[in-house]
Amino acid sequence: MPDPARPPSGARPAPGGGPFGTVVTSPARTGDAAALAATVTGFARTLRAAGVPADHERTQAMLDAAAHLGAADRAAVYWAGRLTMCAGPDDLPRYDRCFAAYFGGERPGPGRPAPVVTVVRHTMALDGDGPSGDASREALAATAAWAEVLRHRDVARMTPAELAEVHRMIGLLRARREPRRSRRFASSPRGRLDPRRTMRETLRRGGEIARLRRRSRRVRPRRVVLLVDVSGSMAPYADTLLRFAHALVRCEPRATEVFSVGTRLTRITPALRHRDPGAAMREVSAAVPDWRGGTRLGEELKRFLDAGSTARGAIVVIASDGWERGDPSLLGRQMARLSRLAYRVVWANPHKGHEGYQPLTGGMRAALPYVGAFVAGHSLAAFEELAERLSHA
Amino acid sequence: MTEPVRRASEIGGPAALAELLDAHAYLAGEGLATACFLALKMGRPLFLEGEAGVGKTELAKTLAAVLGAPLIRLQCYEGLDAAQALYDWDFARQLLHLKAAEATGATGAAEAARLEGELYDRRFLIARPLLRALETRPAVLLVDEIDRADDEFEAFLLEVLSDFSISIPELGTVRAAEPPVVVVTSNRTRDVHDALKRRCLYHWLEHPPFEREVAILLRRLPACTEALAAQVAAAAGRLRAAGLVKPPGVAETLDWTGALLTLGARDLDPGLAAATLGALLKYREDQQTVLTNGLLRHA
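All values reported here derive from a predicted model rather than from experimental measurement. (Residues numbered from 1 in each chain as written. Chains lettered and ligands numbered in written order. Predicted model: local features only at pLDDT ≥ 70, side-chain atom pairs only at ≥ 80, totals over all residues. Heavy atoms only, no water.)

K.L.:
Break down the overall build of chain B for me, citing the residues and quoting the values.
P.N.:
The helix and strand inventory of chain B stands at 14 helices and nine strands. Since a compact globule built from 299 residues should have a radius of gyration of about 19 Å, the 24 Å found for chain B marks it as more spread out than a globular shape. By residue count, 52% of the 299 residues in chain B fall in the buried class. For chain B, long-range pairs separated by at least 24 residues make up 74% of all intrachain contacts whose partners lie at least 6 apart in sequence. If you sum the accessible surface of chain B, you get close to 12,900 Å²; carbon and sulfur atoms cover 53% of it. Positive and negative side-chain charges of chain B, numbering 32 and 41 respectively, have mean locations separated by a distance of 3 Å. (Helix = DSSP H or I, 4+ residues; strand = E, 2+ residues; numbered from the N terminus. Rg over C-alpha atoms; globule rule 2.2 N^0.38 Å. Buried < 20%, exposed > 50% of the residue type's maximum accessible area, 1.4 Å probe, protein only. Contact = heavy atoms within 4.5 Å. Areas by Shrake-Rupley, 256 points an atom, 1.4 Å probe, with all protein chains shown as cover. Lys, Arg positive; Asp, Glu negative; His and termini not counted. Charge placed at Lys NZ, Arg CZ, Asp CG, Glu CD.)

K.L.:
How would you explain the sheet that holds strand E8 (residues 181–186) of chain B if you had to name every residue and give the values?
P.N.:
All names here are of chain B. On the basis of which strands lie adjacent, the open sheet formed by five strands has the order E2-E5-E8-E1-E9 and parallel pairing. Only two strands of the sheet have a single partner each, and these edge strands are strand E2 (71–75) and strand E9 (201–205). Going from strand to strand, the sheet's axes swing by 20° on average, the running direction of each strand aside. Here four bridges tie strand E5 (residues 140–144) to E8, and the two strands are oriented parallel to one another. The residue of E8 that forms the bridge with Leu-141 is Val-182. (Pairing = 2+ DSSP bridges. Axes fitted to C-alpha atoms, helices over the stretch in contact; angles between N-to-C directions.)

K.L.:
Residue-level account of helix H11 (residues 297–306) of chain A, with values.
P.N.:
All names here are of chain A. With respect to burial, H11 is a largely interior element, seven of its ten residues being buried. Along H11, the residues classified as buried are Leu-297, Gly-298, Glu-300, Leu-301, Lys-302, Phe-304 and Leu-305. Elements in contact with the buried residues of H11: strand E3 (224–229), strand E4 (256–261), helix H12 (328–341) and strand E7 (344–349).

K.L.:
Go over the packing of aromatic side chains with me, naming the residues and quoting the values.
P.N.:
Enumeration over the complete set of coordinates arrives at 15 aromatic pairs over all chains. With a centroid separation of 5.0 Å and an interplanar angle of 85°, the aromatic rings of Tyr102(A) and Phe103(A) are classed as edge-to-face. Here the aromatic rings of Phe153(B) and Phe156(B) are separated by 5.5 Å at their centres, their planes lie at 50°, and the arrangement is tilted. Here Phe156(B) and Phe153(B) lie together in helix H8 (residues 151–163), a separation of three residues that amounts to about one turn. Like Phe156(B), Phe153(B) is buried. Between Arg222(A) and the ring centre of Tyr343(A), over which it is positioned, the NZ or CZ distance is 3.5 Å. (Phe/Tyr/Trp six-rings, centres within 6.5 Å; stacked < 30°, edge-to-face > 60°. Lys NZ or Arg CZ within 6 Å of the ring centre and 35° of its normal.)

K.L.:
An account of the nonpolar core is needed here, citing residue identities and associated values.
P.N.:
Formed by 102 residues in total, the largest nonpolar core has its most connected members in Phe43(A), Leu17(B), Leu130(B), Val143(B), Ile146(B) and Phe153(B). With eight residues, the top contributor of residues to this core is helix H2 (residues 30–42) of chain B. Residues in contact with Phe153(B), not counting those within four places in the same chain, are Arg184(A), Leu74(B), Cys76(B), Leu80(B), Ala85(B) and Ile146(B). Counting 43 residues, the second largest nonpolar core, distinct from the first, contains Leu150(A), Val228(A), Leu241(A) and Val288(A). (Core = buried A, V, L, I, M, F, W, Y, C linked by side-chain atoms within 4.5 Å.)

K.L.:
I'd like to hear about the environment of Pro208(B), residue by residue, with values.
P.N.:
All names here are of chain B. With respect to the element layout, Pro-208 can be found in the loop between E9 and helix H10 (210–220). Residue class for Pro-208 comes out buried when judged on its relative accessible area of 10%. Once the C-alpha coordinates of Pro-208 and Gly-29 are considered, the two residues, 179 residues apart in sequence, prove to be 8.1 Å apart. When sequence neighbours within four positions are dropped, the list of residues in contact with Pro-208 reads Glu-213, Ile-216, Arg-240 and Val-250.

K.L.:
Which residues make up the state of the cysteines, and what values do they have?
P.N.:
Residue and element names in this part refer to chain A. A full pass over the atoms with the stated rule returns zero disulfides over all chains. The thiol of Cys-86 is unpaired, and the distance to the nearest cysteine sulfur, on Cys-98, comes to 9.1 Å. A residue is classified by how much of its surface remains accessible, and Cys-86, at 1% relative accessible area, is buried. (Disulfide = S-S within 2.5 Å.)

K.L.:
Can you explain the sheet that holds E3(A)? Please cite residues and give values.
P.N.:
All names here are of chain A. Judged by pairing direction, the sheet is mixed, and its six strands sit side by side in the order E5-E4-E3-E6-E7-E8 without closing on themselves. In the strand order of this sheet, the two ends are held by strand E5 (266–267) and strand E8 (373–376), each with one partner. Pairing of E3 with E4 involves six bridges; the strand directions are parallel. Its bridge partner lying in E4, Val-224 is registered against Thr-256. Here H12 sits on the sheet in contact with strand E6 (315–319) and E7, set at roughly 130° to E7.

K.L.:
Report on a nonpolar patch on the surface, specifying residues and quantitative values.
P.N.:
All names here are of chain A. A grouping of Leu-193, Ile-209 and Leu-212 is seen on the molecular surface, where their side chains present a nonpolar patch of about 290 Å² in accessible area. Note that Leu-212 resides in the loop between helix H7 (195–204) and strand E2 (214–221). Using a relative accessible area of 48% as the deciding quantity, one classes Leu-212 as partly exposed. (Patch = residues over 30% accessible without salt bridge, like charges linked within 9 Å, V, L, I, M, F, W, Y side chains within 5 Å. Salt bridge = Lys/Arg side-chain N within 4 Å of Asp/Glu carboxyl O.)

K.L.:
Any chance you could break down empty space enclosed by the protein for me, citing the residues and the numbers?
P.N.:
Summary: where empty space remains is shown by rolling a probe the size of a single water molecule over the atoms. Residues and elements named next belong to chain A. Scanning the model with the defined rule gives two cavities of 30 Å³ or more in all. Of the volumes computed, that of the largest cavity is approximately 50 Å³. What lines the largest cavity is simply Leu-227, Val-261, Leu-265, Leu-297, Glu-300, Leu-301, Phe-304, Ile-318, Leu-331 and Trp-347. The biggest single contributor to the lining of the largest cavity is H11, with four residues. Here the second largest cavity is characterised by a volume of approximately 30 Å³. Lining the second largest cavity, in full, are His-167, Gly-171, Arg-243, His-246, Ala-247 and Pro-277. For the lining of the second largest cavity, the elements supplying multiple residues, two or more each, are helix H6 (160–171) and helix H8 (235–251). Looking at the lining of the second largest cavity element by element, the count peaks at three residues for H8. (1 Å grid on protein atoms, 1.4 Å probe; cavity = no way out; pocket = protein on both sides within 12 Å on 5 of 7 lines; lining within 4 Å. Points joined across faces, edges and corners; volume = space filled by probe spheres on them.)

Below is the structure:
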């Protein structure tokens, strides 16, 4: 869409070129379109580094908006950017921070800093540190048997190599979903009369009703919402749980939502959409601010339910050990709300798989009356079972 | 009430637009006024998110009043498809036309071709909200609660909103002579696709600050005294901070104040307040929390 207010294209800084030498920290002092473009481009870079979706198109929109508002003062530039660069309430505090930093005189770094995460890439991890060290070459059968052993072992007590193998197998998990009838119709040989299609065909035949067309409701997969506890007590399981979440998202990208829960609720579905599990895990670790902290399940659940009804009609899986630091009665109340809203609530507790486990913690006791299914979540077999449960919930 | 402004280009800036909205009893903050102003100037849809009852739908209505344009509303729901949002052919009338032609004895190939052309005439087309919005000039189009529609519909809406034209295979392309002012609202029950948001100006609507809420109550309810408005707004602020299941929005405070006024309250009388609490809070748990913690009593 051509716009007279847009600055001439030659005025924009060359991609990759460092415009920071010419940055004006306050556009109020200049009406120069080129300087404004350079400022806005630099600002967009700062925003992107902070995770705000300030792409090229949005940058152009901000320039347009600033031109319409006159870019006369700080407030005009603020709103021009906020209305065009942000895409959700999560972006707003980030935007505010970036705005204060950038227009307060702070300059952005040369690009997005890479998150510091070390990812060990295992190939088929059946080498010396596995339990069958010397049997690596001769026995494929032994490998299969080992996989069977691994399937039931607790992931918290595995060597890195074993864990890598389990993660590989989780990556292969396919959780089909129980279909749910949608409100949309599709043409079908059986079902109710489809007047639109019948009439259309009738018209084509010059008014002869030759055949009745029918339609029936389409089916779509039921949504699954997974809440993964990433607090300190869940540390041995969190990685595997997130791999499981990744498999679920990969399988049904449009019908899966994943949140991490600890001291802060974080939506990590976009991070998990990445095809490669390693890359997805890197994105997640960059997105989650509260690794290995405490747990405030009740409060987090409240925030989750207040934020909108993602849970409505969905199968909600809470993967947590139920170690609640907060008030268990709050957790109980929120679980009651959740159970009224969700299609089904499943609680996966890693300790449930251990012999002699009793759900005695306050949080777990408060939550249990509202849980439809209380399952284990400590081994590959448990995850397979959970995936199976989602397809026949 | 001021004379409706016919052309968006006559509005000088966000402050002028805020004044116009004010004249129609809608008090907009700086951000919202800027958003509306830019939406008019840049011809972009305005994407409004925020909690229920903060005035998203009301804004579209007021914009329509300010511009002197009809408000065309498309309420989204699951299963909404093109036939319900765009246009549909009136099959029954087409069939009738065909039978009538048959009865008068139309024969020959030329006649048949003419008849076929007639069948897809504009008069057999039923315009649904989106087509109506493109054909009406000027118009304010409200796409309400987009998050309730399926994501298939979003992709389709994106197409309509990106070039403000609709192609009807039998009839040709309908292009808006003047693009409608579009307000899209969402309650965030699911994530709306980024491609659609990118087309829009995004604004997150907050509960109004205390002073503005008082002003809104006084504007909307002339019978309301300043003391009552202040007490109600203060109570609403406390309730929003109290961690309720459903904190009250401006729509609810207005309802509640209306109920209090109907019962003749001149002050936030605890007895009357408790009796009318149903206008403000729609969850039993919330009502109990509020009554047991004495949140209605003013400090």
